[in-house]
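Listed below are the residues making up each chain.
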Amino acid sequence: MVTPQKLAALGTVLLAWSAWGQAVPRLDALSPSWFQRGTTNEITLSGEALGQLTEVLFSGSGIRAHLLERPTPPVTLESSGVGLTAVAVDLVKNRSIRLEISPDAALGSRELRVAGPSGVSNPQTLQLSDVPELKEGKPGEATPLTLPAGVSGVISASTESDSFRFPARAGQKLTFDVQANRMGSPLDPTLILLNAQGQEVARSEDAHGLDPFLEFTVPADGEYVAKVQDLRFQGGGDYRYRILAGELPYLEYLFPFGGRRGTTVPVQLSGYQLAGADTMNVQIATDAPLGRQEIRARTARGLSNPQPFEAGDLPEFLEVEPNSATNTANRVSVPVVINGRIGETNDVDFFRLTVPTDQKVVLDVQARRFGSPLDALLTLQDAQGNVLQRNDDSGGPDARLEFDAKKDTEYLVSLRDLTDRGGPRLGYRLTAQAPNLAPNFAVKSPAGRIRVHQGGRWAIRCNLERQNGFDGLVRIEGGNLPAGVTAAPLVLGPGNSFGWLVLTAAENAPLGYSPLQLIAVGERQGQAVSHPVQFAEAAWLTILPATPVTVDVGPWSLLTEQNSSTTLEVSVLRRVGFSGEVRVLAEDLPGVSIPAVTLAPGQSRAKLVLNLANGAEVGIRPVMVRAEAIAEARTNVSYATQAVPLQTQGIAMFLTAMLPGSPFFRTDGFRLSAVALPTNSTSSANQTEFVVKVDRRGLPGEIALVLEDLPKGVVATLNPIAADKNEASIKLLVSDQAETGKELRFFAVGSATHQDRIWRQKTQPITLFIAAPEKETAATSPASTPAPPGAK
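Computed from a predicted structure; not experimentally measured.

Along the backbone of the chain there are one helix and 69 strands. The dimensions of the chain, computed from C-alpha atoms along their principal axes, are 105 × 95 × 70 Å. Expressed as a percentage of its 792 residues, the buried residues of the chain come to 47%. Looking at the chain alone, contacts between residues at least 24 apart form 68% of all its contacts between residues at least 6 apart. Accessible surface, the chain as shown: approximately 37400 Å² in total, 50% of it carbon and sulfur.

This part takes up the side chain of Gln366. Mapped onto the fold, Gln366 is located in strand E32 (residues 359–366). Side-chain polar atoms of Gln366 contact the side chain of Arg292, separated by 3.0 Å. With sequence-adjacent residues up to four places away left out, Gln366 is seen in contact with Phe257, Arg292, Glu310, Asp398, Tyr428, Arg429 and Thr431.

All right, on to the pattern of salt bridges then. Per the stated rule, a full pass over the model turns up 45 salt bridges. A salt bridge links Arg425 to Glu252; the nearest nitrogen and oxygen atoms lie 3.9 Å apart. Highlighted residues: Arg425 in the loop between strand E36 (411–417) and strand E37 (427–433) and Glu252 in strand E20 (residues 250–255), separated in sequence by 173 residues. Note on Arg425: relative accessible area 29%, which makes it partly exposed. Given a relative accessible area of 15%, Glu252 falls into the buried group. With a closest N to O distance of 3.0 Å, Arg475 and Glu477 form a salt bridge. A network of salt bridges, in which partner residues are shared, links Arg26, Asp28, Glu48 and Lys93.

We now examine the packing of aromatic side chains. In this description, a pair of aromatic rings is defined by centroid distance and the angle of the planes. Overall, the coordinates contain 15 aromatic pairs when judged by the stated rule. For the ring pair Tyr250 and Tyr272, a centre distance of 6.4 Å and an interplane angle of 40 degrees mean the geometry is tilted. A residue pair is termed long-range when its members are at least 10 positions apart, and Tyr250 in strand E20 and Tyr272 in strand E22 (residues 264–272) qualify at 22 residues. Take Tyr250: its relative accessible area is 4%, and that puts it in the buried class.

Another aspect to go through is the environment of Leu464. Within the element layout of this structure, Leu464 appears in strand E40 (residues 457–467). Since its relative accessible area comes to 8%, Leu464 is described here as buried. Placed 34 residues apart in sequence, Leu464 and Phe498 show a C-alpha to C-alpha distance of 5.5 Å.

All right, on to unusual backbone geometry then. Going from Ser31 to Pro32, the amide bond is cis rather than trans, its omega being -5 degrees. Along the polypeptide, Pro32 turns up in the loop between strand E1 (26–31) and strand E2 (34–36). Positive phi is not limited to glycine here, since Phe233 has a value of about 60 degrees. Mapped onto the elements of the fold, Phe233 is located in the loop between strand E18 (222–230) and strand E19 (240–246). What makes Phe233 exposed here is its relative accessible area of 52%. One non-glycine residue, Asp756, adopts positive backbone phi at about 60 degrees.

Let us now look at the sheet that holds E32. Sheet architecture is open: five strands sit in the order E28-E30-E37-E32-E35, paired in mixed fashion. The strands lining the two open edges of the sheet, one partner per strand, are strand E28 (316–318) and strand E35 (400–405). Neighbour to neighbour, the strand axes of the sheet diverge by 20 degrees on average, direction disregarded.

Okay, the layout of surface pockets next. Its volume calculated, the largest pocket comes out at about 1100 Å³. Lining the largest pocket are 42 residues, and of these Asp177, Gln179, Arg182, Asn305 and Pro306 lie nearest its centre. Breaking the lining of the largest pocket down by element, the ones donating at least two residues are strand E7 (108–116), strand E9 (124–129), strand E14 (173–179), E19, E20 and strand E27 (307–312). Of all the elements, E20 adds the most residues to the lining of the largest pocket, at five residues. Its residues assigned to classes, the lining of the largest pocket shows 19 nonpolar, 13 polar and 10 charged.

A word on the sheet that holds strand E42 (residues 485–487). The five strands are arranged E42-E44-E40-E38-E48 in an open sheet whose pairing can be described as mixed. If you trace the sheet from one side to the other, it starts and ends with E42 and strand E48 (534–535), each paired once. Across three bridges, E42 lies against strand E44 (residues 498–505) in antiparallel orientation. Paired with Ala487 across the two strands is Leu503, which belongs to E44.

A few words on the environment of Pro306. Its location among the elements puts Pro306 in the loop between strand E26 (302–303) and E27. Along the primary structure Pro306 and Tyr250 are separated by 56 residues, whereas in three dimensions their C-alpha atoms are 8.8 Å apart. Sequence-distant contacts of Pro306, defined by excluding residues within four places in its chain, comprise Glu294, Ile295 and Arg296.

This part is about the confidence of the model for the chain. Residues at a pLDDT of 70 or more form 92% of the chain, whose mean pLDDT is 91. Taken together, the stretch residues 1–21 has pLDDT below 50 and engages in 55 contacts with residues farther than four places along the chain or on a different chain.

With that settled, consider the side chain of Gln124. Examined against the element boundaries, Gln124 turns out to sit in strand E9. Polar contacts involving the side chain of Gln124 include one to the main-chain carbonyl oxygen of Asp28, which spans 3.4 Å.

Of the strand pairs in this sheet, strand E67 (residues 742–754) and strand E68 (residues 757–762) are connected by six bridges, and their pairing is antiparallel. Looking at E68, one finds that Ala752 is bridged to Trp759. Hairpin connection, E67 to E68: the antiparallel pair is bridged by two residues, and Gln755 has positive phi, about 50 degrees.

Conventions used here
Residues numbered from 1 in each chain as written. Predicted model: local features only at pLDDT ≥ 70, side-chain atom pairs only at ≥ 80, totals over all residues. Heavy atoms only, no water. Helix = DSSP H or I, 4+ residues; strand = E, 2+ residues; numbered from the N terminus. Buried < 20%, exposed > 50% of the residue type's maximum accessible area, 1.4 Å probe, protein only. Contact = heavy atoms within 4.5 Å. Areas by Shrake-Rupley, 256 points an atom, 1.4 Å probe, with all protein chains shown as cover. Polar contact = N/O pair within 3.5 Å; in protein donor to acceptor, adjacent residues only side chain to side chain. Salt bridge = Lys/Arg side-chain N within 4 Å of Asp/Glu carboxyl O. Phe/Tyr/Trp six-rings, centres within 6.5 Å; stacked < 30°, edge-to-face > 60°. Pairing = 2+ DSSP bridges. Axes fitted to C-alpha atoms, helices over the stretch in contact; angles between N-to-C directions. 1 Å grid on protein atoms, 1.4 Å probe; cavity = no way out; pocket = protein on both sides within 12 Å on 5 of 7 lines; lining within 4 Å. Points joined across faces, edges and corners; volume = space filled by probe spheres on them. Nonpolar A, V, L, I, M, F, W, Y, C, P; charged D, E, K, R; others polar. pLDDT = per-residue confidence, 0-100.

Okay, here's the thing in structure tokens:
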């Protein structure tokens, strides 16, 4: 999130840039990516088009950045006259910046972006810590290390290992926490500690999932080496890891995992170097943000690793032992959050649950989501012990159940580990409450970085998710559009699942970039409800110099059917100074094929053909068209003024042809083959057969069949598809009057009357290869019948 201070300073950055389409900066990596707060660091950005950067953008506060050297083009031009200008191509792939991090900057991850005249880049993540950070050294050499420290590295080759040499004193209690698998790295790390003589003194592999962890008491003064390698001796550019090492406090776990706002919760701490503290009171303010945040233990040696802690509004209950049998079950009433632990092997926690009214109840276990190793098995029973439901995974390793509860009825809820493990680390939060059934909605967009040219348009796809029966209108509009940019509100009705909001930039809209926010407004019980549109990433809008082309389409709406085609008229307008070709295409629409068209220089009009599949979605969906033109070696994009509503109606039947015996409803092409023989021939080589199948979509009656374009000399025997049937067989007899040696195509056509309309539909083309007879074939076996490769 960009801070208000940052936005105030940023505003809309004015740019003077003559090119129609400079390359958008792209970030591929940061090196390094971990930094100690309170320090100044020089880092290298890697990516594309980094030569024209003007600013570095961060989420959060407490970080400032300065762009260092500005690359100059290696080659420039000088002309003897006027009117010739060199347009530089930005080929810079690396750029250095200096980061100044405040001592009180919040720890954790931040998003970093860079911006230039052509827009804002994709984000890369940097991390802030409170210990010195360094990178791995050269392969094969032990990098000197002073503890405490954080170390980032990559096992880039299959036989590679990274080593770090550090001094230590006898009696020091050091922790080494290797993070790889927990960061999404494919590395399966092994951590080995060696003494000065090269002897192994400690090893760890799978302490936290696949990640190692060691607490090491130094036996004697001297130098030691920490070595990291892949357990399977694999490696690669993405085999990343980080080590946090030193005499630092470390939290293995805490319990409980959360509490109610407005209360003080005694939290049990377990870990290392915690200065003897095993309990800490956590005061949760009444206005604390709902949900999860990270907490750390602070001692004289520094801050510990983070652990998640949740602030909620439901009543909290702390499990009371013994409760491992039905007759000792703890009694609770919905709504409630139960905090408990599967404290020992084969332990089971029982609870007797009641509800104040007849209602639906959701039981949701949160364990793995808090880092607990518990693999929860959740069981619901009636008061007599009969199992009603059981679950151990619900979209992940945590369990969830939903059931209809009755007032004045007791239910038994039990929880245990699926593999009967136990221990103090196997904690959980079990929430029992009514589900939120209030009608609501959310609007999401796959967009993030939006670039609109002066005098041009850009369309943003908005997907509407309706929740709990919400069927009202939703209006989507711009929340903070910069000067010179307008957007007509997009209204999505009950039958719409998505639409396109079109941003239009005036000819004189100021060049620059700024954050973009869209607001979705609906109505619930007579009250306006608004939600911000959720973008795939933080949205930025960039205004670019005038577009070389605009596009318009017509008609304003289309009406068609499944398994048919329709057209859109397209008109493009080229600006003075641009005469190149323009490619016009439509955004993807499932079930509708819309081939792109290219308008050659001098051509300004064309047609887009929309081919609807037989299963295309019925209803109204928007078709959004855009134009692409290459000017000054860059692709420039502009959208139509608005999307065209495409209303698709269902068809009463769909026919297809296929070979007999196929168990599937196939729509692909196929071939038949036969030999041209006299009609009185006793051979079966001049006979072949196929079937026509129907997918009935409301049409109940008989379907008449005819063959269209049947080759001369071929006689067909066919019957209609009966009212109670879904297929009919068609037999072909090929006479000696038929043309041979060619593949000929024909169609089966079905027709029927339904709801005062005659429905007529043609199958896909059927290919028939007719072979000339061999002399012996006319009187003998069909075994020698020639057929083309692949013929059936």
